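# A closer look at the structure
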Amino acid sequence: MPKQLISTATCSLAVLLSLWFLMSNWSNQSLQRGLQNQQDEIQTHQLTIQSQQQQLQAQQQLIDSASQLANQVGPSVIRDLATLQLQNKNQKIAILLKKYGIEAKAN
Amino acid sequence: MEDYTAEDSTSQSSGPANIHLPLALLALAFAIFLFAQISSLGQNGRSMRWQTENLDRQIGSLVESEKNLGNLVKQREALVEQSQQVQARYTEMLTDLIKLSETDADARAVVEKYKIQRQQGQQTAPAATATPQPTP
């Protein structure tokens, strides 16, 4: 009779542990799916950020290019054109400058 | 005859007892195996929960960065528009200067000095964009 009891108890324990194992397995699979979803979400955010960084870079290039044109090259060209217009009394250049609101005057 | 009966009865009574013991041992071994597996699964579960928390923080940080970058892009839009206007104005003027340089020596001198030239392959601007280059 005690031997029967021992075998019944160990078999019951094994059955209970089997159920627990199944539950744990399902729980882990659910966690695994959650992790996968989070990784997908991270990838999406990273792609968006990459796109925004490219947009910022393009903006910066445009700003730098315009800044160089407006502060360095543009004024030098205009100054040279104005000088040539005054020196050679070049009316074509005077018209061109006037078209863009620039009027050269001798000091 | 009596001996035979006694032996027979002993073998009958020891039969079920012999089954119970191996069965109990087998179930115990299986229970131990399952317990080890459950422990391992528990450890994996804890590790995955930790990873989930970390990924949550990472997602939060990425969302914040995304928001900041979006704001920065919006903030720069006005400056970009202004830059585009400046660039368009200068491009128009330099294009006119290039045209004038075909007939005017002074204009040609300036164009050559600054190596102003039309960019190739600009489909959006048929007149082509003049790109000034600084003097070497």
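Above this text is the structure in question.
Below: a short report on this structure. (Residues numbered from 1 in each chain as written. Chains lettered and ligands numbered in written order. Predicted model: local features only at pLDDT ≥ 70, side-chain atom pairs only at ≥ 80, totals over all residues.)

### So, the overall build of chain B
- From N to C terminus, chain B includes two helices and two strands.
- Ordering the α and β elements of chain B from the N terminus gives α-α-β-β.
- The 136 residues of chain B split such that 13% are buried.
- Within chain B, counting contacts between residues at least 6 apart in sequence, those at least 24 apart form 22% of the total. (Helix = DSSP H or I, 4+ residues; strand = E, 2+ residues; numbered from the N terminus. Buried ≥ 20, exposed ≤ 12 C-beta atoms within 10 Å, placed from the backbone. Contact = placed C-beta atoms within 7 Å.)

### A word on the interface of chain A and chain B
- At the interface, 52 residues of chain A touch 52 residues of chain B.
- Sorting the residues of the side of chain A that touches chain B by element identifies helix H1 (2–88) and helix H2 (91–99) of chain A as the ones contributing at least two each.
- A class-by-class count of the residues in the side of chain A that touches chain B yields 24 nonpolar, 24 polar and four charged. (Nonpolar A, V, L, I, M, F, W, Y, C, P; charged D, E, K, R; others polar.)

### So, the packing of H1(A) against H2(A)
All names here are of chain A.
- Viewed as axis vectors pointing N to C, H1 and H2 meet at an angle of 140 degrees, and their least axial separation amounts to 8 Å. Classified by the angle between their axes, H1 and H2 sit oblique to one another. Read as a crossing pair, H1 and H2 show a hand that is left-handed. Between H1 and H2, the residues in contact are Leu-81, Ala-82, Leu-84 and Gln-85 and Ile-93, Ala-94 and Leu-97, respectively.
- Here the residues of the contact of H1 with H2 are counted per class, giving six nonpolar, one polar and no charged. (Axes fitted to C-alpha atoms, helices over the stretch in contact; angles between N-to-C directions. Parallel < 35°, antiparallel > 145°, perpendicular 65-115°, else oblique. Left-handed = near helix turned anticlockwise from the far one by under 90°.)

### Digging into the packing of H1(A) against helix H2 (residues 105–113) of chain B
- Remark: H1(A) packs on H2(B), axes separated minimally by 10 Å, with the N-to-C direction vectors making an angle of 155 degrees. Relative to H2(B), H1(A) is oriented roughly antiparallel. Considering the relative orientation of H1(A) and H2(B), their crossing is right-handed. Between H1(A) and H2(B), the residues in contact are A:Val77, A:Asp80, A:Leu81, A:Leu84 and A:Asn88 and B:Asp106, B:Val110 and B:Lys113, respectively.

### As for the nonpolar core
- Formed by 16 residues in total, the largest nonpolar core has its most connected members in B:Leu94, B:Leu97, B:Ala107, B:Val110, B:Val111, B:Tyr114 and B:Ile116.
- Put simply, the parts of the chain that give this core at least two residues each are H1 and H2 of chain A together with helix H1 (2–101) and H2 of chain B.
- The dominant element in this core, judged by the number of residues it contributes, is H1(B), at five residues.
- Beyond its immediate chain neighbours, meaning those up to four positions away, B:Val111 contacts B:Leu97, B:Ile98, B:Ser101 and B:Ile116. (Core = buried A, V, L, I, M, F, W, Y, C linked by C-beta atoms within 7 Å.)

### Examining H2(B)
Residues and elements named next belong to chain B.
- Restricting attention to buried positions, one finds in H2 the residues Ala-107, Val-110 and Val-111. Along the axis of H2, the buried residues cluster in a sector spanning 100 degrees; they form a single face. The outward face of H2, more than 90 degrees from its buried face, is lined by the exposed residues Ala-105, Glu-112 and Lys-113.
- Lys-115 occupies a position one or two residues after H2 and carries a positive phi of about 50 degrees. (Arc of directions from axis to C-beta.)

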